[in-house]
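Survey of secondary and tertiary structure
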Amino acid sequence: MYDPKSMKAEEFICHDEILETLAYAEANKNNEELIDRILDKARLRKGLTHREALVLLDCEIEEKNQEIYALAEQIKKDFYGNRIVMFAPLYLSNYCINGCLYCPYHLKNKHIARKKLTQEEVRKEVIALQDMGHKRLAIETGEDPEMCPIEYVLECIDTIYSIKHKNGAIRRVNVNIAATTVENYRKLKEAGIGTYILFQETYHKKSYETLHPTGPKHNYDYHTEAMDRAMEGGIDDVGLGVLFGLELYRYELAGLLMHAEHLEAVHGVGPHTISVPRIKPADDIDPDNFDNGISDDIFAKLTACIRVAVPYTGMIISTRENKECRERLLHLGVSQVSGASRTSVGGYAEAEEENSAQFDVSDNRTLDEVVRWLMDQGYIPSFCTACYREGRTGDRFMSLCKSGQIQNCCDPNALMTLKEYLEDYASPETKRIGEELIRRQAEKIPNEKVRGIVYKNLEAIEQGRRDFRF
Ligand code: SAM
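Residues numbered from 1 in each chain as written. Predicted model: local features only at pLDDT ≥ 70, side-chain atom pairs only at ≥ 80, totals over all residues.

When helices and strands are counted, the chain shows 20 helices and nine strands. For the chain, the C-alpha radius of gyration of 21 Å lies close to 23 Å, the compact-globule estimate for 470 residues. Put simply, the chain has 470 residues, and 51% of those count as buried. Counted over contacts in the chain with a minimum sequence separation of 6, partners at least 24 positions apart contribute 78%. (Helix = DSSP H or I, 4+ residues; strand = E, 2+ residues; numbered from the N terminus. Rg over C-alpha atoms; globule rule 2.2 N^0.38 Å. Buried ≥ 20, exposed ≤ 12 C-beta atoms within 10 Å, placed from the backbone. Contact = placed C-beta atoms within 7 Å.)

The next point concerns the site of the ligand. Around the ligand sit 21 residues in total, of which C103, A178, F199, K280 and F359 are the nearest. For the shell around the ligand, the class distribution of residues is 12 nonpolar, three polar and six charged. (Near = placed C-beta within 6 Å. Nonpolar A, V, L, I, M, F, W, Y, C, P; charged D, E, K, R; others polar.)

For strand 1 (residues 83-93), a buried count of 11 out of 11 residues is recorded, marking the element as mostly surrounded by other parts of the structure. With three bridges joining them, strand 1 and strand 9 (residues 380-382) adopt parallel strand pairing. If you follow I84 over to strand 9, its bridge partner there is P381. Sheet topology places strand 1 next to strand 2 (residues 136-141); five bridges connect them, and they run parallel. Along strand 2, the bridge assignment pairs A88 with L137. (Pairing = 2+ DSSP bridges.)

Moving on: the domain arrangement of the chain. According to the domain assignment, the chain contains domain 1 (9-76), domain 2 (80-364) and domain 3 (404-462). Just the C-alpha atoms count here: the centres of domain 1 and domain 2 sit 27 Å apart. Contacts between the two partners involve 23 residues from domain 1, matched on the other side by 30 residues from domain 2. Of all the elements in the fold, those that place two or more residues in the side of domain 1 that touches domain 2 are helix 1 (9-12), helix 2 (15-27), helix 4 (50-58) and helix 5 (62-80). For the side of domain 1 that touches domain 2, the residue count by class is 16 nonpolar, four polar and three charged. (Domains from an automatic or database assignment.)

A word on the nonpolar core. Judged by nonpolar contacts, the single largest core of 142 residues is most densely connected at A53, L56, L137, Y196, L253, C305 and V308. Examining the composition of this core, we find that nine residues originate from one element, helix 12 (residues 249-267), more than from any other. Look past the residues within four positions of L56 in its chain and what remains in contact with it is I35, I38, I68, C305 and V308. (Core = buried A, V, L, I, M, F, W, Y, C linked by C-beta atoms within 7 Å.)

What follows is about the packing of helix 3 (residues 32-43) against helix 4. Running from N to C, helix 3 and helix 4 point in directions that differ by 120 degrees, and their axes come no closer than 10 Å. Looking at the two axes, helix 3 sits oblique to helix 4. Helix 3 and helix 4 meet at a crossing whose hand is left-handed. Within the contact between the two elements, helix 3 uses L34, I35, I38 and K41 and helix 4 uses E52, V55 and L56. Residue composition of the contact of helix 3 with helix 4, grouped by class: five nonpolar, no polar and two charged. (Axes fitted to C-alpha atoms, helices over the stretch in contact; angles between N-to-C directions. Parallel < 35°, antiparallel > 145°, perpendicular 65-115°, else oblique. Left-handed = near helix turned anticlockwise from the far one by under 90°.)

This next bit is on the pairing of strand 5 (residues 238-241). Neither face of strand 5 is exposed, since V238 and L240 on one face and G239 and G241 on the opposite face are all buried. Pairing between strand 4 (residues 196-197) and strand 5: two bridges, direction parallel. Counterpart to Y196 in the pairing with strand 5 is V238. One ladder, built from three bridges, connects strand 5 with strand 6 (residues 273-275); its direction is parallel. Bridging across to strand 6, G239 finds its partner in T273. Running through helix 12, the crossover from strand 5 to the neighbouring parallel element strand 6 is right-handed. (Right-handed = clockwise from strand over helix to strand, strands pointing away.)

Turning to its location among the elements, L458 is positioned in helix 20 (residues 448-462). Sequence separation of L458 and L253 is 205 residues, and the distance between their C-alpha atoms is 43 Å. The residues touching L458, leaving out its near neighbours within four places in the chain, are M416, K419, I438 and A442.

Glancing now at unusual backbone geometry. Within the chain, E201 stands out as a residue other than glycine whose phi angle is a positive 70 degrees. On the secondary structure map, E201 appears in the loop between strand 4 and helix 9 (205-211). In the Ramachandran plot, D467 falls in the positive-phi region, its phi being about 65 degrees despite a non-glycine side chain. Here D467 shows up in the segment after helix 20.

Here we take up helix 3. Between its first and last C-alpha atoms helix 3 spans 16 Å; for 12 residues at 1.5 Å apiece the expected length is 16 Å, and the two agree. Among the residues of helix 3, I35, I38 and A42 are the ones counted as buried. For helix 3, the buried positions fall inside an angular range of 60 degrees around the axis, keeping them on one side. Across helix 3 from its buried face, at more than 90 degrees, point the exposed residues E33 and D40. In the core, the buried residues of helix 3 are packed alongside helix 4, helix 5 and helix 13 (296-309). (Expected span 1.5 Å × (residues − 1). Arc of directions from axis to C-beta.)

An ideal rise of 1.5 Å per residue puts 18 Å on 13 residues; helix 7 (residues 150-162) measures up with 18 Å between its terminal C-alpha atoms. Of all the positions in helix 7, only V153, C156, I157 and I160 are classed as buried. Relative to the axis of helix 7, the buried residues are bounded by an arc of 105 degrees and lie together on one face. In helix 7, the exposed positions angled more than 90 degrees off the buried face are occupied by E151 and S162.

Given below as structure tokens:
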């Protein structure tokens, strides 16, 4: 039976409830009156249930679909303004004892180069990332308790935070590692991580078990209940995601939203972020071998439906997607993008000789090019990490975000961190465009006192001072 408050995976992600939801959505996909009611509810910006969101996903009425897209864009603006948060993944180790059918790190892959960074190599990677201008990382590893135990991950986090190269600093480390124990989550929390990210891959239990035939990741319940253990271990911010292409996208959206409902119901705080990765070609992986690939149009609809259903969540799009696709999704709710990513172990500091990459990236632009592109589209690239550093995490972040208050500090923080980027790392053309953008945006800060402080800080940044935040 479906019970969002249950701590059992099969009860909060309930297969029968998902099937009923899909049938309900199918039956109502042209029910204009119901769709209007759901859209009216969505306009309150308090989110939608998985059933309501599925009706919107299935909706076939073109005019209503345009309303969904427009609303997704408006909600994104209301909660996140025109800021886009920047980050990069950092691969620490690709040793893995799992058998995931879609991932080239799987144990049986003998021709991929296996690597694990030493602390000196972590240093080199972080310096390369700092020299691009990155301030926020997501660390990634395969699952291997012997080659990559939690102590190794903790040591890497310490190293990452300790490196201050020129004006660079990594101010927030998010972590995307395999499901683990409450005790290990507590250690990650103590190490000062930002968000704990774990993709569900698929919410369909049977498919999940087939796609993960061997290794600890085979255990669907342990994987699905990981966020509850993370929260029990004191981690406030968790990031959900589905690997689209593995299972039917309608099933996945229902499961994903049920997971968000569960986190709200049990912990009083929904997912801090939702990622929307699609399966990509990789070393011995051909996405065409998976039957459930989704078109760009379906991908756009999914993104818009997630945005209206979970209005406060940060939505992340990686360099798995190309520039055109990313551009489209930015309009429909995405609030965080990665830039200049390498998915290989050690790929930032040195050109790859042997392939250790997790998947092919589709957006190969430099960070400078990504920053300029965002500004050309009217966005403010933000390197801000202030919320987490000021203790605005979990329900404190959510209640501020839901009340719209967060914008009073986010816009100024985005401008100040963009200014740092322009001073330290930007090309002359990017700097010119950025300066102009900051000038225009700073004028618009409504609160006179805050505006005054921002002007003062922008000047101080020009004189070499760093790390201002509200
Ligand atoms: N090993 C960790 C785990 O088990 O969750 C997580 C880290 S893994 C480096 C990050 C994510 O990459 C996986 O959760 C999966 O969704 C995604 N991934 C794996 N193979 C992929 C592929 N071929 N294309 C796109 N994404 C892929």
